[in-house]
Amino acid sequence: MPVTVLAIESSCDETSAAVCTDGRILSNFIANQKVHERYGGVVPELASRAHIQNIVPVVQAALQTANCELSTVDAIAFTQSPGLIGSLLVGSEFAKSLSLSLNKPLIAVHHMQAHVLANLIADPKPRFPFLCLTVSGGHTQIVRCESPSQLTVIGETIDDAAGEAFDKSAKLLGLPYPGGPLIDKYAQQGYPKRFRFPEPQIPGLNFSFSGLKTSILYFLQNAGRSNQFKEEFTATEEEKKKFIEENIADICASIQDRIISILLNKLKKAAVQTDIKDLCLAGGVSANSGLRKAFTQMGEQNGWNTFIPAFEYCTDNAAMIAITGYYKYLEGDFADLSVSASARASW
Ligand code: KG4
Ligand code: ZN
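Rules used in this analysis
- Residues numbered from 1 in each chain as written.
- Chains lettered and ligands numbered in written order.
- Predicted model: local features only at pLDDT ≥ 70, side-chain atom pairs only at ≥ 80, totals over all residues.
- Heavy atoms only, no water.
- Helix = DSSP H or I, 4+ residues; strand = E, 2+ residues; numbered from the N terminus.
- Rg over C-alpha atoms; globule rule 2.2 N^0.38 Å.
- Buried < 20%, exposed > 50% of the residue type's maximum accessible area, 1.4 Å probe, protein only.
- Contact = heavy atoms within 4.5 Å.
- Lys, Arg positive; Asp, Glu negative; His and termini not counted.
- Charge placed at Lys NZ, Arg CZ, Asp CG, Glu CD.
- Expected span 1.5 Å × (residues − 1).
- Near = heavy atom within 4 Å.
- Polar contact = N/O pair within 3.5 Å; in protein donor to acceptor, adjacent residues only side chain to side chain.
- Areas by Shrake-Rupley, 256 points an atom, 1.4 Å probe, with all protein chains shown as cover.
- Pairing = 2+ DSSP bridges.
- Axes fitted to C-alpha atoms, helices over the stretch in contact; angles between N-to-C directions.
- Phe/Tyr/Trp six-rings, centres within 6.5 Å; stacked < 30°, edge-to-face > 60°.
- Left-handed = near helix turned anticlockwise from the far one by under 90°.
- Nonpolar A, V, L, I, M, F, W, Y, C, P; charged D, E, K, R; others polar.

J.: Residues and numbers for the overall build of the protein chain, please.
T.: Counting its regular elements, the protein chain contains nine helices and 10 strands. Here the protein chain has a C-alpha radius of gyration of 21 Å; the compact-globule value for 347 residues is 20 Å, and the two agree. If one aligns the C-alpha atoms of the protein chain with their principal axes, the spans along those axes are about 65 × 45 × 30 Å. Each of the 347 residues in the protein chain was classed as buried or not, and the buried ones make up 52%. Of all intrachain contacts in the protein chain linking residues separated by at least 6 positions in sequence, the fraction that spans at least 24 positions is 71%. Placing the 30 positive and 35 negative side-chain charges of the protein chain at their respective mean positions leaves the two points 5 Å apart.

J.: Outline helix α9 (residues 319-330), supporting the account with residue identities and numerical values.
T.: A rise of 1.5 Å per residue sets the reference length of α9, with its 12 residues, at 16 Å; its end C-alpha atoms lie 17 Å apart and thus fit the reference within 8%. Counting buried positions along α9 yields nine of 12 residues, so the element is predominantly enclosed. Along α9, the residues classified as buried are Ala-319, Met-320, Ile-321, Ala-322, Ile-323, Thr-324, Gly-325, Tyr-326 and Lys-328. The inward-facing, buried residues of α9 contact β1 (4-9), β2 (14-21), β3 (24-32), β4 (75-81), β5 (106-110) and α3 (111-117). Of the residues one or two after α9, Gly-332 is the one with positive phi, at around 70°.

J.: Can you tell me about the site of ligand 1, naming the residues and giving the values?
T.: The full set close to ligand 1 counts 19 residues, and Gly-137, Asp-167, Asp-184, Gly-284 and Asn-288 are the nearest of them. At 3.2 Å, a side-chain N or O of His-115 approaches an oxygen atom of ligand 1. Here Asp-316 contributes a backbone N or O atom positioned 3.1 Å from an oxygen atom of ligand 1. Protein contacts shield 88% of the accessible area of ligand 1, which totals 550 Å² for the unbound molecule. Breaking the shell around ligand 1 down by element, the ones donating at least two residues are α3, α4 (162-172) and α5 (180-187).

J.: Give me the lowdown on the sheet that holds β2, citing residues and values where you can.
T.: One open sheet accounts for five strands, arranged β3-β2-β1-β4-β5; its pairing is mixed. Whereas interior strands pair on both sides, the edge strands pair on one side only; in this sheet they are β3 and β5. Adjacent strand axes in the sheet meet at a mean angle of 20°, parallel and antiparallel pairs treated alike. Pairing between β1 and β2: six bridges, direction antiparallel. Residue pairing in the sheet places Leu-6 in a bridge with Val-19 of β2. Across the sheet, helix α2 (residues 85-102) lies against β1, β4 and β5, angled at about 155° from β4, the strand it touches most.

J.: Outline the packing of aromatic side chains, listing residues and values.
T.: Going through the model one piece at a time under the given rule, you end up with eight aromatic pairs. Ring geometry for Phe-197 versus Phe-219: centroids 5.2 Å apart, planes at 85°, classification edge-to-face. With a gap of 22 residues between them, Phe-197 in the loop between α5 and α6 (210-221) and Phe-219 in helix α6 connect regions that are remote in the sequence. Exposure remark for Phe-197: the relative accessible area of 1% places this residue in the buried category. Given a relative accessible area of 0%, Phe-219 falls into the buried group. Plain terms: the ring middles of Phe-207 and Phe-209 are 6.5 Å apart, the flat faces sit at 10° to each other, and that makes the pair stacked. Classification of Phe-209 by relative accessible area gives buried; the value is 1%.

J.: How would you explain the packing of helix α7 (residues 237-274) against helix α8 (residues 289-302) if you had to name every residue and give the values?
T.: Following both chains from N to C, one finds α7 and α8 inclined at 35°, their axes separated by 10 Å at the closest point. Where α7 crosses over α8, the two elements pack in a sense that is right-handed. Residues Gln-256, Ile-260, Leu-263, Leu-264, Leu-267 and Lys-268 of α7 touch α8, and the partners they reach there are Gly-290, Leu-291, Ala-294, Phe-295, Met-298 and Asn-302. Partitioned by chemical class, the residues of the contact of α7 with α8 number eight nonpolar, three polar and one charged.

J.: Quick rundown of the environment of Asn-247? Include the residues and the values.
T.: Mapped onto the secondary structure, Asn-247 falls in helix α7. Judged by relative accessible area, Asn-247 falls into the buried class, the value being 11%.

This is the structure we're talking about:
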């Protein structure tokens, strides 16, 4: 008998629902919340309210697109953690109510595990064990995956996440939130070696991005007068603005180039250390065109197989919750109605 999973994702500022049958995604509907743009970041209370407004139409749209009746769904999967607690609660309580009223099993999914397993949506799939560089707005991790349920974090950021590095840099440049996609856009016209931001020296497989943010801050304060990336000279607001306007493409390309080299140097190190040859990308930052290109090139140069989820499965989406739910269904890993959403969670 085919297995159909209805999945709900509401961990941050996207309300999403998806349907998958036997691991094949039939629909993936995402409602973005524009309300946060003017605040320069996600406002948790506004996110929860928008989820409440979106969830019924989004689930209906996912079922309709998949040509699926609620009565034919075999299980309800939802994002249990980590994320904004108010946002998670909307999706989790909705999923629990559906599970109770339909008398169908409930599957609790870890959002970061789901980002990794987005790599199992399309063919060809990576073979186990594989490594996954998971880069999102809240996380930067290298994950070793032995099976869909056996995942171990072998490296992670000690401060900011890669997505935060993009968004905070964009904020310093006066760009709106979320700045990652805008840096990506400007970088495509820029020269990435023009400004050489320093690379942090962090031992092992861990990452750090807070130093980069500070060097960008000083660099902009100097308005290009110095390449030292430290506090030397404070330009006037006008000088700063003019410098950014005239050099936005090269600045974005140089920032992006440094973030990519920080990420890929550590992933390369992990691949050599573990002798694992199947490498995946995941998370919102894997939508970055420069990272996708450099990651693929790294694979070609070293004889490694590289995998990147389709664009729509990189940023937050319910298809990744559905595929994770499907594997959990096969393992009989169900939750009961006492399960509750959690803002933080270990693996
Ligand atoms: O995985 P995600 O959608 O949400 C979290 O779970 O955090 O990741 C969102 C992050 C944001 O920081 C956003 O700026 C970044 O992904 N992002 C990008 C791009 N698209 C999204 N960063 C760089 N380039 C992009 N094209
Ligand atoms: Zn995410």
